[in-house]
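# A structural walkthrough
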Amino acid sequence: MSPTAVVATRGLTKRYGHVTAVADLDLEVRKGEIYAFLGRNGAGKTTTIRMILGLIRPAAGEVHVFGRPVGPAQPEWLRRVGSLVETATAYPNLTVRENLDLHRRYTGAAARAVSDVIEQLGLAPVADRRAGQLSLGNKQRLALARALVHAPELLVLDEPANALDPAGIVEIRELLRSLADEHGTTVFLSSHILVEVAHLANRIGIVHNGRLIEELDRAALIAAARAFSAEQLTEQQRADALLSLELERFFLARTEESPN
């Protein structure tokens with residue numbers, strides 16, 4: 001494993017009975033980059049994230065975060081990590097502000113961090129509303145705010161664009177990009193939305209049936225999708241189509257080529 005990798009796995013495997021959810025996974029996430037784990041629902045993305053965070057134990061292989069093996073005794077490095085796994089959760093009877101302040105105190109962040117992250121995530125209009133009364137989109141924003149309130153060095157996000165409207169997706173994309181570019185935050189995220197991955201990630205790992213079948217950077221993804229197209233289009237038409245139909249076709253072709 002590279003000593004500079006923020007997240008690294010080797011031979012990572014998880015089985016549930018006779019079902020292999022993740023198989024022999026090797027990956028490295030470098031400091032300050034946005035790495036997207038791209039795959040269909042059920043491809044093994046969430047299981048991988050849960051193993052990275054130490055929420056479940058692998059059947060085989062190992063995970064290192066900040067150069068340390070992930071195991072039961074890990075509170076110190078967990079304070080350097082912000083995460084959102086599967087469903088956006090919060091204490092429903094507490095307000096947005098109270099939820100964030102509770103997490104802020106747990107992580108040792110400064111008192112002003114709550115108001116800062118409320119502004120950052122556009123939660124000011126609902127800051128004093130109980131979390132149980134929020135829309136799905138605002139619940140997702142609250143979950144992202146909790147992940148960010150202590151200014152983590154590493155963000156691990158499972159489908160962060162879930163339940164957000166198009167404007168919200170763009171806002172989160174710009175926020176994650178600025179965190180990586182301006183603050184050196186490392187982001188590992190899972191997604192099945194190819195367009196967002198193509199806009200956002202530095203590197204993309206395509207996962208299918210629990211196996212990492214290909215890794216490529218953003219430029220290579222766009223170039224491969226462009227080459228995959230057999231249509232004759234103007235440059236503007238190609239630009240408009242590239243991050244939708246062509247990427248979808250490219251991804252489907254890659255997963256269909258997988259031996260699994």
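Structure report, in brief. Since we're looking at a predicted model, the values are computed, not measured.

Parameters at a glance
Residues numbered from 1 in each chain as written. Predicted model: local features only at pLDDT ≥ 70, side-chain atom pairs only at ≥ 80, totals over all residues. Heavy atoms only, no water. Pairing = 2+ DSSP bridges. Helix = DSSP H or I, 4+ residues; strand = E, 2+ residues; numbered from the N terminus. Contact = heavy atoms within 4.5 Å. Axes fitted to C-alpha atoms, helices over the stretch in contact; angles between N-to-C directions. Core = buried A, V, L, I, M, F, W, Y, C linked by side-chain atoms within 4.5 Å. Buried < 20%, exposed > 50% of the residue type's maximum accessible area, 1.4 Å probe, protein only. Phe/Tyr/Trp six-rings, centres within 6.5 Å; stacked < 30°, edge-to-face > 60°. Lys NZ or Arg CZ within 6 Å of the ring centre and 35° of its normal. Polar contact = N/O pair within 3.5 Å; in protein donor to acceptor, adjacent residues only side chain to side chain.

### Some thoughts on the sheet that holds strand β1 (residues 5-16)
Strand order in the open sheet formed by four strands is β2-β1-β4-β5, with antiparallel pairing between adjacent strands. Of all the strands in the sheet, just β2 (19-30) and β5 (68-69) have a single pairing partner and so form its edges. Pairing of β1 with β2, which is carried by eight bridges, proceeds in the antiparallel orientation. Bridge pairing in β2 places Val 7 opposite Val 29. Sheet strands in contact with helix α1 (residues 45-52) are β1, β2 and β4 (60-65), and its direction is about 120 degrees off that of β1.

### Thoughts on the nonpolar core
Counting residues in each nonpolar core, the largest one holds 45 residues, and the members touching the most others are Leu 121, Leu 157 and Leu 176. If we ignore the near neighbours within four places in the chain, the residues touching Leu 176 are Ile 34, Leu 155, Leu 157, Leu 189 and Leu 200. In terms of nonpolar packing, the next biggest core, distinct from the first, is built from 25 residues, Val 7, Val 22, Ile 56 and Phe 66 among them.

### With respect to the packing of aromatic side chains
Per the stated rule, a full pass over the model turns up two aromatic pairs. Summarising the aromatic geometry, the rings of Tyr 35 and Phe 188 are spaced 5.7 Å apart at their centres and angled 15 degrees between planes, so their arrangement reads as stacked. Here Tyr 35 is found in strand β3 (residues 34-38), whereas its partner Phe 188 is found in strand β8 (residues 186-191), with 153 residues between them in sequence. For the pair Phe 37 and Phe 188, a centre-to-centre distance of 5.6 Å together with 40 degrees between the ring planes defines the contact as tilted. A residue pair is termed long-range when its members are at least 10 positions apart, and Phe 37 in strand β3 and Phe 188 in strand β8 qualify at 151 residues. For Phe 188, a relative accessible area of 0% gives the class buried. Members of the aromatic cluster, joined through ring pairs, are Tyr 35, Phe 37 and Phe 188. Positioned above the aromatic ring of Tyr 106, the side-chain terminus of Arg 79 is 5.4 Å from the ring centre. One residue, Arg 80, lies across the ring of Phe 66, its end atom 3.8 Å from the ring centre.

### Considering the side chain of Gln 140
Position of Gln 140 among the secondary structure elements: in helix α5 (residues 136-148). The exposure class assigned to Gln 140 is buried, which follows from its relative accessible area of 3%. Of the polar contacts made by the side chain of Gln 140, one reaches the backbone oxygen of Pro 160; its length is 3.0 Å.

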